[in-house]
Amino acid sequence: DILTWRTQHREYDPAPLTSLIEHRHDATRIKAAMALAYGKNGAGIPLLIGLARDKGESDHWRRSAIRALGVSGDLRSVKTLMNLFDDVEDRCQSVALEALGHMSRSDVADEILKRLIISLENRNLIKLAINGIRTFDVDEGWRALRKMISAVKMSAHLNLMIEALLDDQSLEGITLLSQVV
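Summary of the structure given here. Computed from a predicted model, the values in this text were never measured in an experiment.

## Topic: the pattern of salt bridges
Throughout the structure, instances matching the rule amount to 12 salt bridges. Arginine 76 serves as the salt-bridge partner of aspartate 74, at 2.9 Å between the closest nitrogen and oxygen. Among the residues examined, arginine 76 registers a relative accessible area of 46% and is labelled partly exposed. Arginine 134 is paired through a salt bridge with glutamate 163; the nearest N and O atoms lie 3.5 Å apart. Taken as a pair, arginine 134 in helix 9 (residues 126–136) and glutamate 163 in helix 11 (residues 158–165) lie far apart in primary sequence, 29 residues in all.

## Comments concerning the packing of helix 6 (residues 78–86) against helix 7 (residues 93–100)
Two elements in contact, helix 6 and helix 7, have axes separated by 8 Å at closest approach and are oriented at 140 degrees. Classified by the angle between their axes, helix 6 and helix 7 sit oblique to one another. In the packing of helix 6 onto helix 7, the handedness of the crossing is left-handed. Residues Val78, Leu81, Met82, Leu84 and Phe85 of helix 6 form the contact with helix 7, whose own contacting residues are Gln93, Ala96, Leu97, Ala99 and Leu100. Residues of the contact of helix 6 with helix 7, tallied by class, amount to nine nonpolar, one polar and no charged.

## Description of the nonpolar core
In terms of nonpolar packing, the biggest core is built from 55 residues, with Leu48, Ile66, Ile112, Leu120, Ile130, Leu145 and Met161 touching the most fellow members. Excluding residues that lie within four positions of it along the chain, leucine 120 makes contacts with Ile126, Ala129, Ile130, Ile133, Ala144, Leu145 and Met148. Core analysis: the next-biggest nonpolar cluster, separate from the first, contains five residues, Leu17, Ala32, Ala35 and Leu36 among them.

## Examining unusual backbone geometry
The residue lysine 40 is not glycine, and still its phi comes out positive at about 65 degrees. The residue lysine 40 is located in the loop between helix 3 (26–38) and helix 4 (45–53) in this model. The phi torsion at aspartate 137 lies on the positive side, around 55 degrees, for a residue other than glycine. Judged by its relative accessible area of 48%, aspartate 137 falls in the partly exposed class.

## Topic: the side chain of serine 72
Of note, serine 72 is situated in helix 5 (residues 59–72). In terms of polar contacts, serine 72 uses its side chain to reach the backbone carbonyl oxygen of leucine 69, at 2.7 Å. Setting aside residues up to four positions removed in sequence, serine 72 forms contacts with Ala37, Lys40 and Ile45.

## Focus on helix 8 (residues 109–119)
Of the residues making up helix 8, those classed as buried are Ala109, Ile112, Leu113, Arg115, Leu116 and Ser119. Looking straight down helix 8, one finds that the buried residues subtend no more than 160 degrees of arc, so they occupy a single side. In helix 8, the exposed positions that point more than 90 degrees away from the buried face belong to Asp110, Lys114 and Ile118. Packing partners of the buried residues in helix 8 comprise helix 6, helix 7, helix 9 and helix 10 (139–151).

Criteria and thresholds
Residues numbered from 1 in each chain as written. Predicted model: local features only at pLDDT ≥ 70, side-chain atom pairs only at ≥ 80, totals over all residues. Heavy atoms only, no water. Salt bridge = Lys/Arg side-chain N within 4 Å of Asp/Glu carboxyl O. Buried < 20%, exposed > 50% of the residue type's maximum accessible area, 1.4 Å probe, protein only. Helix = DSSP H or I, 4+ residues; strand = E, 2+ residues; numbered from the N terminus. Axes fitted to C-alpha atoms, helices over the stretch in contact; angles between N-to-C directions. Parallel < 35°, antiparallel > 145°, perpendicular 65-115°, else oblique. Left-handed = near helix turned anticlockwise from the far one by under 90°. Contact = heavy atoms within 4.5 Å. Nonpolar A, V, L, I, M, F, W, Y, C, P; charged D, E, K, R; others polar. Core = buried A, V, L, I, M, F, W, Y, C linked by side-chain atoms within 4.5 Å. Polar contact = N/O pair within 3.5 Å; in protein donor to acceptor, adjacent residues only side chain to side chain. Arc of directions from axis to C-beta.

So, in structure tokens, the structure goes:
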């Protein structure tokens, strides 16, 4: 979406988008809220949180809202994202995990990190967990990823794990990287 890209990469006046949050068409309101979220403006966060929680809404809109909440880094959405991830029956669980990877500054960062580390063991969530640990960029996450790389000899995700390890600047990460490459 052009608006989303522009809010991420250019200076912009949020006023026109903020006014669109009250528009009569749902799609217009949602797209405006998402563009603002990607631009780190919290005006549309309540709308996106409501959309993310609404299991009666289409998966497309829910997933888009969840991604925008994650990228926004707005801490008001942390509890919603954690609840969505914890609900194993929710079709948006994996997207919620991806979004949580952006919340390293939250009060519950330790709880989020635990979810990311546990998800390294889940073949359906491992890619998102690796990306989340990479985005979180904390020692405990890197340790868990290094342990996983050391234990795994063959995995469809080994290349992704090694690629993520390139961002680990610790001596342990550099040493392991030199051993596996």
